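Structural characterization, general
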Amino acid sequence: MNQESNGEFSVARVTRAWYVACGSRELRGDPIARKILGIPLVLFRGPDRKPSALLDRCAHRNAPLSLGRSVGGRLECAYHGWQYDAVGVCVKVPGLVGEAEKTTREVPRFPAREQDGFVWVYATAGVEPAGEPYRLPATSRGYTEVRRTVEVESTLHAALENALDVPHTAFLHKGLFRGVGRTHRIRARVTRSAMQIEAEYIGEPRPEGLAGRILSPSGGVVTHFDRFILPSIAQVEYRLGSENHFLITTLCTPVEDFRTRLHASILFRTRFPGWLARLILEPVALRIFRQDAEMLKRQTAAVRRFGGEHYTSTEVDVLGLQIWQLLKRAEAGELTPSEEWKREIELDV
Ligand code: FES
Ligand SMILES: [Fe+2]
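Let me begin by describing the structure that accompanies this report. (Residues numbered from 1 in each chain as written. Chains lettered and ligands numbered in written order. Predicted model: local features only at pLDDT ≥ 70, side-chain atom pairs only at ≥ 80, totals over all residues. Heavy atoms only, no water.)

**Some words on helix H4 (residues 274–305)**
In an α-helix, one turn spans 3.6 residues, which is why side chains three or four residues apart end up on the same side. Taking 1.5 Å per residue as the helical rise, H4 with its 32 residues ought to reach 46 Å, and the 44 Å between its terminal C-alpha atoms agrees with that figure. On its buried face, H4 is in contact with strand S12 (144–152), helix H1 (156–163), helix H2 (169–172), helix H3 (210–215), strand S17 (244–256) and strand S18 (259–269). Following H4 by one or two positions, Gly307 has its phi on the positive side, about 70°. (Helix = DSSP H or I, 4+ residues; strand = E, 2+ residues; numbered from the N terminus. Expected span 1.5 Å × (residues − 1). Contact = heavy atoms within 4.5 Å.)

**Thoughts on the side chain of His224**
In this structure, His224 sits in strand S15 (residues 221–229). For His224, a relative accessible area of 1% corresponds to the buried category. One polar contact links His224 to Glu204, side chain to side chain, over a distance of 3.3 Å. A distance of 2.8 Å separates the side chain of His224 from the side chain of Asp226, its partner in a polar contact. (Buried < 20%, exposed > 50% of the residue type's maximum accessible area, 1.4 Å probe, protein only. Polar contact = N/O pair within 3.5 Å; in protein donor to acceptor, adjacent residues only side chain to side chain.)

**Remarks on the packing of H1 against helix H5 (residues 320–332)**
Relative orientation of the contacting elements H1 and H5 amounts to 140°, with a least axis distance of 9 Å. In terms of their interaxial angle, H1 and H5 are classed as oblique. Pair H1 / H5 crosses with right-handed handedness. Residues Leu156, His157, Leu160 and Glu161 of H1 touch H5, and the partners they reach there are Gly320, Ile323, Trp324 and Leu327. In the contact of H1 with H5, the residues fall into five nonpolar, two polar and one charged. (Axes fitted to C-alpha atoms, helices over the stretch in contact; angles between N-to-C directions. Parallel < 35°, antiparallel > 145°, perpendicular 65-115°, else oblique. Left-handed = near helix turned anticlockwise from the far one by under 90°. Nonpolar A, V, L, I, M, F, W, Y, C, P; charged D, E, K, R; others polar.)

**Quick word on the coordination of the iron ion (ligand 2)**
As a benchmark, a tetrahedral metal site with four donors has ideal angles of 109.5 degrees, while an octahedral site with six donors has ideal angles of 90 or 180 degrees. Within the protein, the iron ion (ligand 2) binds to His168 (NE2), His173 (NE2), Asp292 (OD) and Asp292 (OD); these donor distances fall in the range 2.1 to 2.3 Å. Seen from the iron ion (ligand 2), its four donor atoms lie at angles of 58 to 148°, and the figure they make is irregular. In the primary sequence, the donor residues of the iron ion (ligand 2) line up as H-x4-H-x118-D. With His173 in the loop between H2 and strand S13 (185–192) and Asp292 in helix H4, this residue pair connects regions lying 119 residues apart in the sequence. Judged by its relative accessible area of 9%, Asp292 falls in the buried class. (Donors = N, O, S within 2.8 Å, 3.2 Å for Na, K, Ca; no water. Tetrahedral: all angles 85-135°; square planar, octahedral: opposite > 155°, others 65-115°.)

**Description of the sheet that holds strand S9 (residues 109–110)**
Overall, antiparallel pairing links the four strands, which are arranged S2-S3-S4-S9 in an open sheet. Lying at the two open borders of the sheet, with one neighbouring strand each, are strand S2 (32–36) and S9. Relative to strand S3 (residues 39–45), S2 runs antiparallel, the two being bridged by five bridges. Considered in S3, the bridge of Arg34 is made with Leu41. (Pairing = 2+ DSSP bridges.)

**Concerning the sheet that holds strand S7 (residues 83–84)**
By definition, the strands of a sheet pair up through backbone hydrogen bonds, in either a parallel or an antiparallel sense. Strand order in the open sheet made by the four strands is S5-S6-S7-S8, with antiparallel pairing throughout. Two strands close off the open sheet at either side, each with one partner strand: strand S5 (69–71) and strand S8 (90–92). Of the strand pairs in this sheet, S5 and strand S6 (residues 74–76) are connected by three bridges, and their pairing is antiparallel. Counted as the bridge partner of Arg69 is Glu76 from S6.

**Observations concerning H1**
Among the eight residues in H1, six count as buried, and that is most of the element. Within H1, burial applies to Leu156, His157, Ala158, Ala159, Leu160 and Asn162.

**What to know about unusual backbone geometry**
Cis peptide bonds are those with omega within 30 degrees of zero, and the linkage from Leu230 to Pro231 qualifies with 5°. Mapped onto the fold, Pro231 is located in the loop between S15 and strand S16 (233–240). In this structure, Arg49 is a non-glycine residue whose phi angle is positive, near 75°. Take Arg49: its relative accessible area is 47%, and that puts it in the partly exposed class. Positive phi, close to 70°, is recorded for Asn62, a residue that is not glycine.

**Things to note about the nonpolar core**
Soluble globular proteins: nonpolar side chains tend toward being buried together. Membership of the largest hydrophobic core comes to 76 residues, with the highest contact counts inside it found for Val121, Phe228 and Leu327. In terms of residue count, the dominant contributor to this core is H4 (six residues). Contacts of Leu327, omitting those with residues within four sequence positions, involve Ala12, Val14, Leu156, His157, Leu160, Phe228, Leu230 and Pro231. The next biggest cluster of nonpolar side chains, apart from the first, holds nine residues, and it includes Trp18, Val20, Tyr122 and Leu251. (Core = buried A, V, L, I, M, F, W, Y, C linked by side-chain atoms within 4.5 Å.)

**With respect to the pattern of salt bridges**
Pairing is possible between side chains that carry opposite charge, provided their charged atoms lie close to one another. Summed over the entire model, instances satisfying the criterion amount to 21 salt bridges. Between Asp257 and Arg13 there is a salt bridge, and its shortest N-O distance comes to 2.7 Å. Of this pair, Asp257 sits in the loop between S17 and S18 while Arg13 sits in the segment before strand S1 (18–23); the two residues are 244 residues apart in sequence, bridging distant segments of the chain. The shortest N-O distance in the salt bridge between Arg69 and Glu76 comes to 2.8 Å. A relative accessible area of 45% means that Arg69 is categorised as partly exposed. (Salt bridge = Lys/Arg side-chain N within 4 Å of Asp/Glu carboxyl O.)

In short, shape yes, function no, at least from these values alone.
Shown next, in the form of structure tokens:
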């Protein structure tokens, strides 16, 4: 192991929180397996079609319940056919004369909700959730929404920072987005509150990259916000001229310490009809995403190879440290409104 290794990894496990477990459409007939914060879960639909989430381990002989099937809103284990109801109580033991129900035959249940086309699971079993899942921004007339789900090999923190990080765009995505033409000095107004951190970039001219030129050939000014909202939401908002508006909300799910699933809702209105804008912008967006995913994978591999991280930050890394602080506080259950402040910095983009 390298002598500079400190064994530190930016892994925060915020367990008292809602995460997207899957899309509503992924959960139809038979149960499916998902993982959140390394916890194996089985998802299925109860008799009323509402989603249920149980620990993916049969109380009988540890068989994964996700190998089983749904029988009239119950989950039947594939091994000996024990059946569980929507709250994880064993209600049938084939061959057993007498009552099936007994507390030792229960499986831990995680609160579940269906909202905005996603199945959300609270990452602590057997408790009353503190609050409800995040609500996605509503779509309105003239807007198109595209959804994408992808997995990246990185910690939740690295994935969030990447989604909200401005300086890398001029390098990793050179020409696609930023990194063409001269740089401009702009201001970033950073606002921190108990549950979120937001950066507003002021005075940024239209990006010179391909996407910017297509959207606003005559130039114009960008209004740009980057937001991190606890526990795992990255939101980027751009307005370019009066016609173009993008609101990209990425609901991140920490699958394991170094694996994060991103559920992105891309809501936009441009000077083009929705289908045309999608046709033009999707290949660019996919290229940008592939570059990010590849870099996150390499970053994770490097951190693991060295047995820990070595981070150095400057003022230009506007949100990374703040995201980390918020995650650590949420993990420890220490969020307080006294954390509210505003500050401004200058940077060249
Ligand atoms: S292991 Fe599930 S019924 Fe036996
Ligand atoms: Fe990026």
